[in-house]
Amino acid sequence: MNGKKQTTVVYPVPKEWAERAFINAQRYEAMYAASIANPEEFWREHGKRIHWFKPYNTVKNTSFEPGKVSIKWYEEGTTNVSYNCIDRHLAERGDQVATIWVGDHPKDGARSITYRELHAIVMKWANVLKSQGVRKGDVVTLYLPMIPEATYAMLACARIGAVHSAVSTICASNSLASRIADAGSKVVVTADQGLRGGHKLELKAAVDAALDKLPGVVTSVIVVKRTGAPVGMLKGRDHYYNELSDTVPEQCPPEEMKAEDPLFILFTSGSTAKPKGVVHTTGGYLVYAAMTHQYVFDYHDGDIYWCTADIGWITGHSYIVYGPLANGATTLMFEGVPTYPNVSRYWDIIDKHKVSLFYTAPTAIRSLMRSGEGAVKSYSRASLRLLGSVGEPIDPKSWEWYHRVVGDGRCPIVDTWWQTETGGILITPLPGATDLKPGSASKPFFGVKPEIVDAAGNVLDGVADGNLVIADSWPGQGRTLYRDPERFEQEYFSPYPGKYFTRDGARRDADGDYSMTGRVDDVINVSGHRIGTAEVEAALVAHASVSEAAVVGYPHEIKGQGIYAYVILIEDDAASDDLRKELVSWVRREKGPTFTIDKVQFALGLPKTSSGKIIRRILGKIAEDDFTALGDTSTLADPSVLEHLIDNRLNRN
Ligand code: 6R9
């Protein structure tokens, strides 16, 4: 049932890619086989890609066994992440640009920071943190917009052995307060305001509101001036960064850290319960982030690499800051949004800064696709060599558009599957090695052992459809949940004892390629048939009138669950009952009769997180006509979409 009308289009590796990329098909096969046959030896060798103050001896000491889950890599080694991302590069590339920052509006300009400048700035930042009492092991909460100071603050924490906990600026003060409290931070770093798509984000005010709920917890708030707007400053607690930095020394040597000392915590929302603080540590994380960044994006000296992720998301950590800087790369950071001041902004930035490697999310691709080809085609994009996608399954229609229109048919697309908990990319094509199939994340990265299991935990061989687990550890894996090791074990290792459960569904085809079918929590059961919401969404989006879709289940008298689809049209005024009927029969025709959609609600927008993920929990409640427990809506990127959705709901009890 599920395999019906699957795409069979294959884009073979272009010859010049097979010749020039770090990894071609033969090399992938050989390295992958070696990494699985003997992980110790493989990772002993690749651990050397970063600088260690004291070498490691034990490479891998990991157990996924219930009751004794423990994950340690390179445990005797000592190193420092900021040393690896900055100091190590100074001799060879001190004057190379480390970071290009591009402001919200073109008139805000752009700034380039060399590795040498980064070194001086981060040492200052480290001393400012110290001046506020931050010591090794302390957790510092960062509530910062997309400005270079976010990178500085992260690296400064790493330099002195403090642990950062970045909170996305779309989190409202409630969520911020609970994250500060859960992390036990005494110091918070923020900005007066943020700028995003022409809007002002009142960041300092949100921190003030959060701290009102946490009397006595935070002793120091460091405020970066982004707009210079006057904000309330509490005497003794709040300090402007630039005033503090005038008073501290220039030099700050990197702290010697153990491989397993924590580097950062990142709170990620579960589908229901309280956010989980995923803990990443130092050595293995950096090895894995750097290695995946080099091979997945085929990063070479001279490339200009741009990842559009928010810094409050794992993608911002691993692929704007740590992976690229560990590789001595030039990494671009953009403050704004793809549609401001107009829908060509991304392509304008790509041309201006000669971006060669571009990594974004399907949600951005879909919204730009909606604006038509003209906005893309009027820019040259000649510098582009590779495109990447992350965050959600990318439906084949959007993939093809990205490939044909944005990449002019000549740029490979790496559809990278991974999670906050995995630290780095686990399943992905490698551009010089993997034939591409639209909608498929394809093959495991080195050292990654995916398996597909059924509900009872039986491992399925060959062509299979089921739950995705990972059978063994890799160096970038999250080590635990902050102050909650039991929940770590419960959530990830007890459903399938001895294996890491991803909570994603996946399908493996005859070539051994993996396609993600969405979160397992998003599976609907219609008359006994398992239906992945992602599959219905992809079928809807494949229709010419549809730009975006989200599908949820709702209680149905006969079928158990019915299929409820929220649909955003290319042109809003096309909404009609005829189109509704047409969409239902279109999906039925494409996917088969179990895929008969029961309700189609036309929507203007969908509730999303900062990383662009649709919050199906809220859509499910609206479909059920149940507003008693909408849950935490404070992390919604655009709260106004909610009202429209509720007003136009189709199930009214
Ligand atoms: C990196 C990141 C993790 C969840 C993951 C999955 C979805 C991410 C994907 C993808 C299909 C891809 N996801 N990348 N699904 N194809 N290429 O997104 O981390 O925010 O923790 O989300 O995102 O469902 O389980 P995070």
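Residues numbered from 1 in each chain as written. Predicted model: local features only at pLDDT ≥ 70, side-chain atom pairs only at ≥ 80, totals over all residues. Heavy atoms only, no water.

## Comments concerning the pairing of strand 7 (residues 163-166)
Item 1. The two faces of strand 7 match: Val-163 and Ser-165 on one face and His-164 and Ala-166 on the other face are all buried.
Item 2. As defined by bridge partners, strand 6 (residues 139-143) adjoins strand 7 across four bridges and the pair is classed as parallel. When the sheet's bridge partners are listed, Thr-141 is paired in strand 7 with Ser-165.
Item 3. Here strand 7 runs beside strand 14 (residues 262-268); their pairing, made up of two bridges, is parallel. Residue pairing across strands places Ser-165 opposite Ile-265, the latter belonging to strand 14. (Buried < 20%, exposed > 50% of the residue type's maximum accessible area, 1.4 Å probe, protein only. Helix = DSSP H or I, 4+ residues; strand = E, 2+ residues; numbered from the N terminus. Pairing = 2+ DSSP bridges.)

## Description of the site of the ligand
Item 1. Around the ligand sit 17 residues in total, of which Trp-313, Asp-415, Thr-420, Asp-504 and Arg-519 are the nearest.
Item 2. Residue Glu-392 places a main-chain N or O atom 3.3 Å away from a nitrogen atom belonging to the ligand.
Item 3. A distance of 2.7 Å is found between a nitrogen atom of the ligand and a side-chain nitrogen or oxygen belonging to Asp-415.
Item 4. Protein coverage of the free-state accessible area of the ligand, which is 520 Å², stands at 94%.
Item 5. Residue assignment for the shell around the ligand shows that the elements contributing at least two residues are helix 12 (314-326), strand 20 (413-416) and strand 26 (514-519).
Item 6. Taken together, the residues of the shell around the ligand break down into seven nonpolar, five polar and five charged. (Near = heavy atom within 4 Å. Polar contact = N/O pair within 3.5 Å; in protein donor to acceptor, adjacent residues only side chain to side chain. Areas by Shrake-Rupley, 256 points an atom, 1.4 Å probe, with all protein chains shown as cover. Nonpolar A, V, L, I, M, F, W, Y, C, P; charged D, E, K, R; others polar.)

## Some words on the sheet that holds strand 23 (residues 464-470)
Item 1. Strand order in the open sheet made by the five strands is 22-21-23-25-26, with antiparallel pairing throughout. The two strands at the open ends of the sheet, each matched to only one other strand, are strand 22 (459-460) and strand 26.
Item 2. Relative to strand 22, strand 21 (residues 450-453) runs antiparallel, the two sharing two bridges. Within strand 22, the residue paired with Ile-452 across the bridge is Leu-460.

## Quick notes on the side chain of His-280
Item 1. Considering the arrangement of structural elements, one finds His-280 in strand 15 (residues 276-281).
Item 2. Within the structure, His-280 has its side chain in polar contact with the backbone oxygen of Thr-420 (distance 2.7 Å).
Item 3. Polar contacts involving the side chain of His-280 include one to the main-chain carbonyl oxygen of Gly-476, which spans 3.4 Å.
Item 4. Not counting the four nearest positions on each side in its chain, His-280 is found in contact with Pro-262, Leu-263, Phe-264, Tyr-285, Ile-314, Thr-420, Glu-421, Thr-422, Gly-423, Gly-476, Gln-477 and Gly-478. (Contact = heavy atoms within 4.5 Å.)

## Side note on the UniProt feature "domain: AMP-binding enzyme C-terminal" (unreviewed entry) in the protein chain
Item 1. Mapped onto the present numbering, the UniProt feature "domain: AMP-binding enzyme C-terminal" (unreviewed entry) falls at residues 535-613.
Item 2. Overall, residues 535-613 shows 28% helix and 32% strand. The separation of its end C-alpha atoms is 16 Å. (UniProt positions renumbered as here; feature names shortened; annotations may be inferred.)

## Brief notes about the packing of helix 6 (residues 115-131) against helix 7 (residues 148-160)
Item 1. One can describe the packing of helix 6 onto helix 7 by two numbers: an axis separation of 8 Å at closest approach and a directional angle of 65°. Taken together, the axis directions place helix 6 and helix 7 in an arrangement best described as roughly perpendicular. For helix 6 against helix 7, the interelement crossing comes out right-handed. Every residue of helix 7 that contacts helix 6 at Leu-118, His-119, Ile-121, Val-122, Met-123, Trp-125, Ala-126, Leu-129 and Lys-130 is listed here: Glu-149, Tyr-152, Ala-153, Leu-155, Ala-156, Cys-157, Arg-159 and Ile-160.
Item 2. Broken down by class, the residue content of the contact of helix 6 with helix 7 amounts to 13 nonpolar, one polar and three charged. (Axes fitted to C-alpha atoms, helices over the stretch in contact; angles between N-to-C directions. Parallel < 35°, antiparallel > 145°, perpendicular 65-115°, else oblique. Left-handed = near helix turned anticlockwise from the far one by under 90°.)

## What to know about helix 7
Item 1. If you check helix 7, its first and last C-alpha atoms are 19 Å apart, about what 13 residues at 1.5 Å a residue would give, namely 18 Å.
Item 2. At the exit of helix 7 stands Gly-161, carrying a positive phi of roughly 80°. (Expected span 1.5 Å × (residues − 1).)

## Some thoughts on the packing of aromatic side chains
Item 1. Inspection of the entire model under this criterion finds 41 aromatic pairs.
Item 2. The interplanar angle of 80° and the centroid separation of 5.0 Å between the aromatic rings of Trp-306 and Tyr-346 together place this pair among those described as edge-to-face. With a gap of 40 residues between them, Trp-306 in strand 16 (residues 304-307) and Tyr-346 in helix 13 (residues 345-353) connect regions that are remote in the sequence. The pair formed by Trp-306 and Tyr-346 is uniform in burial state, with each residue classed as buried. (Phe/Tyr/Trp six-rings, centres within 6.5 Å; stacked < 30°, edge-to-face > 60°.)

## Examining the state of the cysteines
Item 1. As enumerated under the stated definition, the model contains zero disulfides in all.
Item 2. In this structure Cys-157 is not part of a disulfide, and its nearest cysteine sulfur, from Cys-252, lies 11 Å away.
Item 3. Accessibility expressed as a relative area gives 0% for Cys-157, which makes it buried.
Item 4. Residue classification places Cys-252 among the buried positions, given a relative accessible area of 1%. (Disulfide = S-S within 2.5 Å.)

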